[in-house]
Structure formats: C-alpha cells, structure tokens
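Spelled out, the chains give:
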Amino acid sequence: MLDDNLAVVSEADAFLRHVRFGRDQAELTTRTYAGHVALFLRWCGRTGREWRVAAEELGLFVVWLKFGSESVTGIDRPTGTGLVYPGPGAKPVREPARIENILTGVRQFLLHGITTKAVPSAVMAQLYEVAESWDLPEQARGEDLTGYRMRPRHRVKVPRKKGERATDREIVELFLACRNARDRFIVLLLGRAGLRPGGAAGLRREDMHFMPDSTALGCPKKRSHLHTLRRDNPNGAWAKRQTAAAPGRWKPVDHLVVTAYDQYVMERMALPHGPASDFVLVNLFAEPLGAPMTTDGITELLGRLSKRAGLSRNVTPRMLRRAAGSNVADAGGGQDEIAALLDHARLSSAEPYLTPDPDRLRAAVDRVPSPRELAGEGR
C-alpha cells in the first residue's frame, strides 16, 4: 500500500499480510480491508492528522465518509484553495452499513498496530469503551457474570433489514434467458445449491461426485454431491470457511443440478478447447478460451442475463444464494440445516436467508383455519 507520495506504508502492508496469511482470509477479503485502510490513511493525510493517534476523532472520519464524494475521498487529491468538505445537510453518498464496515476494518488495522507496537497502547481506549452487556442476547453473554463488555466508541446505526432474495420466477427467467448449457448450470449451481461465486469458480472436475455411490472415488458420502475445497487458484477463486478440522465442505445437490451439469459437459467436450482445463467452469465462447471463469465473470454473467430476461432489477449471486436458503426453509428445513448447507459458522448467520417467497407467505396465511372451522362451522 502506497501513500500520496508513493511511499510504502509498511504498517498497512504488514496488517494486510497478516489478514491474508496469518488469518488465512480470502484474497477478496484482504482487498476489502485494503480499501478500508486506504480511506482512513487518505483522510488522515488530507486533514493533517497522524494516523497512529487519530482514532479519537473517528467521528469526523465518519462524517467525511458519509458526505464525501469520489472527488473528495478518491485517490486523486482534490484541487483548489479553500476547499470546504461537505457535511450534514448534504446528500449522503455512503450507506450506514458501508460506513460501519469501513470502521470495522480501521479498528482491526489499529488493533494490529497496537499488537505490533506500531501504535500507542493508549489508542485502545480511543477505540473501545466499557459497556454493560444486559442488552446482548443470552447466548452472547456466555458464562461471564460481570455484565460488562468492550464496545466500539464510534458506531453508525445500521437499519436492520432482510436481505433481498431472488424469487422463483426470477430464477426461471434467468434460466430461460441462457443461451448455452454452461450458463444454465451456473444459474442452478447458485440458485439451487447455494454456492458462493468463489466456491463455484474454484470447482474442479474431481469435486463433482454426481453418482449414486462415490466410494470408488474414496468418498463415503452417498448420492449426488459436490465438494468445495480451498486452493490457490490461478483465477483468484477462494472457498470460504475452511478449517484444519474440515479442510473441505461437501454439499448435496438435486437432480436438476446433475442434469444441467451433464448437458454442460456434453457441450463443453464438443469444443476443441473444452477438455483442456481441470476447472469445472471455463470460458467457452469468450477469450481466453478454455481458461477458468473468475468470480467477477460469474457476477457479470448474471447481470447480462438479468437484462436479457427483462427483469426489473439486477439479480446478483448473493440473491440466488439467499433464494436457495429460503427455499430450504419454505420446504420445512430447520435453521441448522440451512446453516450447514450454506457453510455458515454460526446458526445466526442463516437468518438473512430466511426470506420466504411472497406466494408462500400468502399460502401460509391461507393454511391458518378460521375460528368457524375450529368450531365445526363452514367459512
């Protein structure tokens, strides 16, 4: 990471190396942290603050983030004398959730600096305050009977809302808008199996166990399923939530995914550049031919399909993933099952995916008997 004078910020580089290799976080996660740290260092440099002790004034940093446009907070330094930064009264340019994420990254950066003694230990008191834990859920309190916890001093109130999911109708329209078997397989892989783009782009052919019995492959799992493994892939794909105890995750798939994969394999093997790569998803009709698809390529594909299908909004991979989790819930699946199928570390992580389809909400209401029915009378 470089400052405005193109000098390396060694402390920031050390922190990002720790995130990528010390914590074994994904490359995309590391890149996100880099963006957060860059904004903080940019604010410090342009407002004449020493970043090691600027945590006390993070409130002003929040205002800068909330109202500062790209011309103010971007890489290019604003020009002109007497520049007045926008503030309350102007139109916000960043959502509260985005600002809160940036603050989380900055805190992690400064905490790492405190640990390595690059930042004074007194900064800890500027970042956190002692607060009572009575407002936390009982599960979050654990066995600590003191009733106190460390709470960030600078916070942004983020409205709680359910994440948007792709409707079943939208998934069907995306499927019908596909012009080849590979794209249809991708839609079902995300919308039925709930894979993340990184997990889908990192799949190898050896991970696809689409047979009734995979014991011949050394796999004890029954029926059709696939495995997502964390590897160093040339396309930058990265499977999340891998541990030493569980280096790979397996995911059951239904007959629709299996059928779509069979059709894709037939399509791919008929092309001269199809069989070369060991990756499941490869470029069939765009350069570089035969190269593995990237996570950005999958996202861009869904954007094109959304427009081609004439949808009123752009359907993203996350919306398809939420649809997969919500459909499992609508079919009677428990929260523990959803968390396991979507590779969540905590049960609470499955909550944003519990977004029922509107038609199923209506059906749920219609299933409730009326008082007259309970009394033995007709409606």
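Quantities reported herein were computed from a predicted structural model and do not represent experimental measurements.

S.K.: Break down the environment of Trp64 for me, citing the residues and quoting the values.
M.R.: With respect to the helices, strands and loops of the structure, Trp64 is situated in helix 3 (residues 58–67). Assessed through its relative accessible area of 4%, Trp64 is described here as buried. The spacing of Trp64 and Pro88 is 24 residues in sequence and 9.9 Å in space, taken between C-alpha atoms.

S.K.: Help me get a handle on the environment of Asn235, residues and values and all.
M.R.: For Asn235, the position within the fold is in the loop between strand 4 (225–229) and strand 5 (248–252). Spatially, the C-alpha atom of Asn235 lies 10.0 Å from that of Phe279, the residues being 44 residues apart in sequence. In contact with Asn235, other than residues within four places in its own chain, are Ala201, Phe279, Pro292, Met293 and Thr294. A distance of 3.1 Å separates the side chain of Asn235 from the backbone oxygen of Ala201, its partner in a polar contact.

S.K.: Just give me the short version of empty space enclosed by the protein, but keep the residues and values in it.
M.R.: The tally for this structure, following the rule as stated, stands at two cavities of 30 Å³ or more. As a volume, the second largest cavity reaches approximately 30 Å³. What lines the second largest cavity is Arg205, Tyr261, Tyr264, Val265, Arg268, Met269 and Val280. Residues that form the lining of the second largest cavity fall into these classes: five nonpolar, no polar and two charged.

S.K.: Could you give an account of the pairing of strand 4, naming the residues involved and the relevant values?
M.R.: Side-chain direction in a regular strand flips from residue to residue, so the side chains alternate between the two faces of the sheet. Within strand 4, four of the five residues are buried, leaving the element largely enclosed by the surrounding structure. In this sheet, strand 4 lies alongside strand 3 (residues 208–209) in antiparallel orientation, the contact comprising two bridges. Along strand 4, the bridge assignment pairs His209 with His225.

S.K.: Explain the confidence of the model for the protein chain residue by residue, including any values.
M.R.: For the protein chain, per-residue confidence averages 82 on the pLDDT scale, and 78% of positions sit at 70 or higher. For residues 134–146, every residue scores under 50 in pLDDT, and the model assigns this stretch five contacts once sequence neighbours within four places are set aside. Below pLDDT 50 for its whole length, residues 243–247 participates in three contacts with residues either more than four positions away or in separate chains.

Criteria and thresholds
Residues numbered from 1 in each chain as written. Predicted model: local features only at pLDDT ≥ 70, side-chain atom pairs only at ≥ 80, totals over all residues. Heavy atoms only, no water. Helix = DSSP H or I, 4+ residues; strand = E, 2+ residues; numbered from the N terminus. Buried < 20%, exposed > 50% of the residue type's maximum accessible area, 1.4 Å probe, protein only. Contact = heavy atoms within 4.5 Å. Polar contact = N/O pair within 3.5 Å; in protein donor to acceptor, adjacent residues only side chain to side chain. 1 Å grid on protein atoms, 1.4 Å probe; cavity = no way out; pocket = protein on both sides within 12 Å on 5 of 7 lines; lining within 4 Å. Points joined across faces, edges and corners; volume = space filled by probe spheres on them. Nonpolar A, V, L, I, M, F, W, Y, C, P; charged D, E, K, R; others polar. Pairing = 2+ DSSP bridges. pLDDT = per-residue confidence, 0-100.

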